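If you want the building blocks of each chain, they are given just below.
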Amino acid sequence: MRTFTIKKSSGASRQIYAPSKKERRKYRELLPLLHATERKAADKAGTKAVAHGFVPGRSPVTCALPHIGPWKVTISCDISSWFDSVKTEQIKQGLLLGGMSEDTADDILKVITIDGAPRQGLPTSPVAANLAAVKLDETMLIMLPSFGSVYTRYADDLTISLM
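Residues numbered from 1 in each chain as written. Predicted model: local features only at pLDDT ≥ 70, side-chain atom pairs only at ≥ 80, totals over all residues. Heavy atoms only, no water.

Further remarks concern the overall build of the protein chain. Within the protein chain, the regular secondary structure consists of six helices and five strands. Counted from the first residue to the last, the protein chain has its helices and strands arranged as β-β-α-α-β-α-α-α-α-β-β. Against the 2.2 N^0.38 benchmark of 15 Å for 163 residues, the protein chain shows a C-alpha radius of gyration of 16 Å, consistent with a compact globule. Summarising its shape, the C-alpha atoms of the protein chain cover approximately 50 × 40 × 25 Å along the three principal directions. In the protein chain, the proportion of contacts linking residues at least 24 apart, taken out of those at least 6 apart, comes to 64%. (Helix = DSSP H or I, 4+ residues; strand = E, 2+ residues; numbered from the N terminus. Rg over C-alpha atoms; globule rule 2.2 N^0.38 Å. Contact = heavy atoms within 4.5 Å.)

Structure representation (structure tokens):
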């Protein structure tokens, strides 16, 4: 695995992990299982409509559409250092909620995380972050009023609209 650093527009730097072709193939083989598990976890948590980033069939447009309309306030925020802030235990919680056995979850976590996080550049990092965010999404929906609000998330960008 090769790593390199790029400069962000803020002046800070970001480390990128670039797997070899053989490593990339191994990561990509896990993607269908991880996507299916994330959707099952989101369904069980009641958050299936929230995530739009890196979800097959969804896009920034599908994320924005629920916020068009009579809303009085729309709040958008970004979670900084998204991939680096996701912890292995959060991903595991999503894997287990999605029906994966503890042993299988532990084996997969050894592959899709480096030093305890899904690193930028790994093909599995976006879905791993979505698995970790299922509980965040569930908490957000619990905290928001059951009527007169909508919440969507595109990767690390959270958007809330209120009446």
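Once the structure has been displayed, the description carries forward.
Attention shifts here to the packing of aromatic side chains. According to the stated counting rule, one finds one aromatic pair in the structure shown. Between K26 and the ring centre of Y27, over which it is positioned, the NZ or CZ distance is 6.0 Å. (Phe/Tyr/Trp six-rings, centres within 6.5 Å; stacked < 30°, edge-to-face > 60°. Lys NZ or Arg CZ within 6 Å of the ring centre and 35° of its normal.)

Moving on, we come to the pattern of salt bridges. As enumerated under the stated definition, the model contains six salt bridges in all. For K92, the salt bridge goes to E102, with nearest N and O atoms at 2.9 Å. One end of the pair, K92, is in helix 4 (residues 88-97); the other, E102, is in helix 5 (residues 102-112), and ten residues separate them in sequence. K92 is paired through a salt bridge with D106; the nearest N and O atoms lie 2.9 Å apart. Placement of the pair is K92 in helix 4 and D106 in helix 5, with a sequence separation of 14 residues. Given a relative accessible area of 11%, K92 falls into the buried group. Take D106: its relative accessible area is 28%, and that puts it in the partly exposed class. Counted as one network, the salt bridges with shared partners bring together K92, E102 and D106. (Salt bridge = Lys/Arg side-chain N within 4 Å of Asp/Glu carboxyl O. Buried < 20%, exposed > 50% of the residue type's maximum accessible area, 1.4 Å probe, protein only.)

Here K44 lies in helix 1 (residues 21-45). Of the residues examined, K44 reaches a relative accessible area of 59% and is grouped as exposed. If near-sequence neighbours (up to four positions away) are discounted, K44 is found in contact with L97 and G99.

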